[in-house]
Amino acid sequence: MTATSPSSKTGIEMLPVPMTETGPDMDVVEGRVSADPTIKGIWCVPKYSNPTGQVYSAKTVERLAGLATIAGAHFRIMWDNAYVVHDLDDDPPVLANVMDACRQQGTGDSVVQFASTSKVTWAGAGLSWMAGSTATLDRFRQRLQVATIGPDKVNQLRHVRFLGNLDGVRAHMRKHAAILRPKFEMVVRHLEEALADTGMGAWTNPRGGYFLSFDARPGLASTIITLAADAGVKLTPAGATFPYGRDPNNENIRLAPTFPELSELDQAMQVFVVCVQLASVRQRLGA
Ligand SMILES: Cc1ncc(COP(=O)(O)O)c(C=O)c1O
């Protein structure tokens, strides 16, 4: 969520919003938007949200679509659908159509949707998309035409030839899923075997996307990450997924199992759970 602030370099201040299993806590969002007219928009990763992996519910999508009716016509929802086709299962959860929800509430200009093939074909050499109302796209085109002479048409053709159509995209993503599913399962197996019912942490088991989210006991995320680094396992820095890198509870650790081979991941997860156990026991003992 953003609001203007003279204290930030860009003039945009980011405010973290608590996440629930159905997406951002909409009571908090609506409360803040009603109370503070300087709030201009909200950034959303609606499917397999980064880092928790949750998919926004239809009710959340509907309430987000209604924000411009509270905040006013200036309000923008940045719909960063980076994991739109990144399903692990053959029967993936369905994300409600935000533009339909906006049109029903007369807020079609408030949503800007985007996605890319960064995590489909080739990061850094993919295609990206933007969708919005005619007014939104017209405004964007006016700016884009002075920012770039034109798209990379050869790369567009490459993608069309490689992916073909939506069925081609789905078939391609099933190949990704075949590689990724065993990795996600490996992470969850280690967490369950070592930490289930210990009170040392809670984690998500997403049905897609690229991350699992682990919540340690409050105050322990940075300690666990340091312990793991000392043992040779590099994790995402504590707080990395929060605005300004500040996790108010210092408890969240994003686990990204996509890159390592299964055997490396097996070792890394053995180290990770031991670090969680060590840090938790030390905290309990006041050591
Ligand atoms: C949520 C989210 N949005 C956007 C991006 C970046 O997308 P792009 O590489 O197309 O700029 C990423 C990471 O790649 C992401 O995880």
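Refer to the structure above for everything that follows.
Just so it is clear, the model here is predicted, and its values are computed rather than measured.

1. Thoughts on the packing of aromatic side chains
- In total, this model carries 6 aromatic pairs according to the counting rule given.
- Measuring from ring centre to ring centre gives 6.2 Å for tryptophan 203 and phenylalanine 214, while their planes differ by 10 degrees; the resulting arrangement is stacked. Taken together, the residues span a long stretch of sequence, with tryptophan 203 in strand E9 (residues 201–203) and phenylalanine 214 in strand E10 (residues 212–216) at a distance of 11 residues.
- Note on tryptophan 203: relative accessible area 23%, which makes it partly exposed.
- Here a set of aromatic residues connected by ring pairs shows up, and it is made of Tyr83, Tyr210 and Phe211.

2. A look at helix H9 (residues 262–285)
- Given a rise of 1.5 Å per residue, 24 residues ought to cover 34 Å, and the 34 Å separating the end C-alpha atoms of H9 matches this to within 8%.
- Listed as buried for H9 are Leu265, Ala268, Met269, Phe272, Val273, Cys275, Val276, Ala279 and Ser280.
- Those residues of H9 that are buried are in contact with helix H7 (166–195), E10, helix H8 (221–230) and strand E11 (252–255).
- Taken from the residues just after H9, glycine 286 is the one with a positive phi, measuring 70 degrees.

3. Structural notes on the layout of surface pockets
- Estimates place the volume of the largest pocket at around 1,000 Å³.
- In terms of lining, the largest pocket is formed by 38 residues, of which the most central are Val17, Met19, Asn50, Pro51 and Thr241.
- Mapped by element, the contributors of at least two residues to the lining of the largest pocket are strand E3 (19–20), strand E5 (39–44), E9, E10 and E11.
- Of all the elements, E5 adds the most residues to the lining of the largest pocket, at 3 residues.
- Looking at side-chain class alone, the lining of the largest pocket contains 20 nonpolar, 11 polar and 7 charged residues.
- In this structure, the second largest pocket encloses a volume near 810 Å³.
- The wall of the second largest pocket is formed by 32 residues, among which Lys47, Val84, Val85, Leu166 and Arg170 lie closest to the centre.
- Elements supplying a minimum of two residues to the lining of the second largest pocket: strand E7 (111–116), strand E8 (128–131) and H7.
- Counting residues per element, the lining of the second largest pocket draws most heavily on H7, which supplies 6 residues.
- Looking at the lining of the second largest pocket residue by residue, the classes come out as 20 nonpolar, 6 polar and 6 charged.

4. Some thoughts on the packing of H8 against H9
- One way to put it is that H8 packs onto H9 with a least axis distance of 9 Å and a crossing angle of 130 degrees. Classed by the angle they form, the pair H8 and H9 counts as oblique. Here the hand of the crossing between H8 and H9 comes out right-handed. Together, Thr223, Ile224, Leu227 and Ala228 of H8 and Val271, Phe272, Cys275, Val276, Leu278, Ala279 and Arg282 of H9 make up the contact between the two elements.
- Looking at the contact of H8 with H9 residue by residue, the class counts come to 9 nonpolar, 1 polar and 1 charged.

5. Notes on empty space enclosed by the protein
- Applying the stated rule across the entire model yields 2 cavities of 30 Å³ or more.
- Volume-wise, the largest cavity comes out at about 50 Å³.
- What lines the largest cavity is Val85, His86, Asp87, Leu88, Met173, His176, Ala177, Leu180, Gly209 and Tyr210.
- Here the residues of the lining of the largest cavity are counted per class, giving 6 nonpolar, 3 polar and 1 charged.
- Here the second largest cavity is characterised by a volume of approximately 40 Å³.
- Lining of the second largest cavity is provided by Thr236, Pro237, Ala238, Gly239, Ala240, Thr241, Phe242, Asn252, Ile253 and Arg254.
- For the lining of the second largest cavity, the residue count by class is 5 nonpolar, 4 polar and 1 charged.

Criteria and thresholds
Residues numbered from 1 in each chain as written. Predicted model: local features only at pLDDT ≥ 70, side-chain atom pairs only at ≥ 80, totals over all residues. Heavy atoms only, no water. Phe/Tyr/Trp six-rings, centres within 6.5 Å; stacked < 30°, edge-to-face > 60°. Helix = DSSP H or I, 4+ residues; strand = E, 2+ residues; numbered from the N terminus. Buried < 20%, exposed > 50% of the residue type's maximum accessible area, 1.4 Å probe, protein only. Expected span 1.5 Å × (residues − 1). Contact = heavy atoms within 4.5 Å. 1 Å grid on protein atoms, 1.4 Å probe; cavity = no way out; pocket = protein on both sides within 12 Å on 5 of 7 lines; lining within 4 Å. Points joined across faces, edges and corners; volume = space filled by probe spheres on them. Nonpolar A, V, L, I, M, F, W, Y, C, P; charged D, E, K, R; others polar. Axes fitted to C-alpha atoms, helices over the stretch in contact; angles between N-to-C directions. Parallel < 35°, antiparallel > 145°, perpendicular 65-115°, else oblique. Left-handed = near helix turned anticlockwise from the far one by under 90°.

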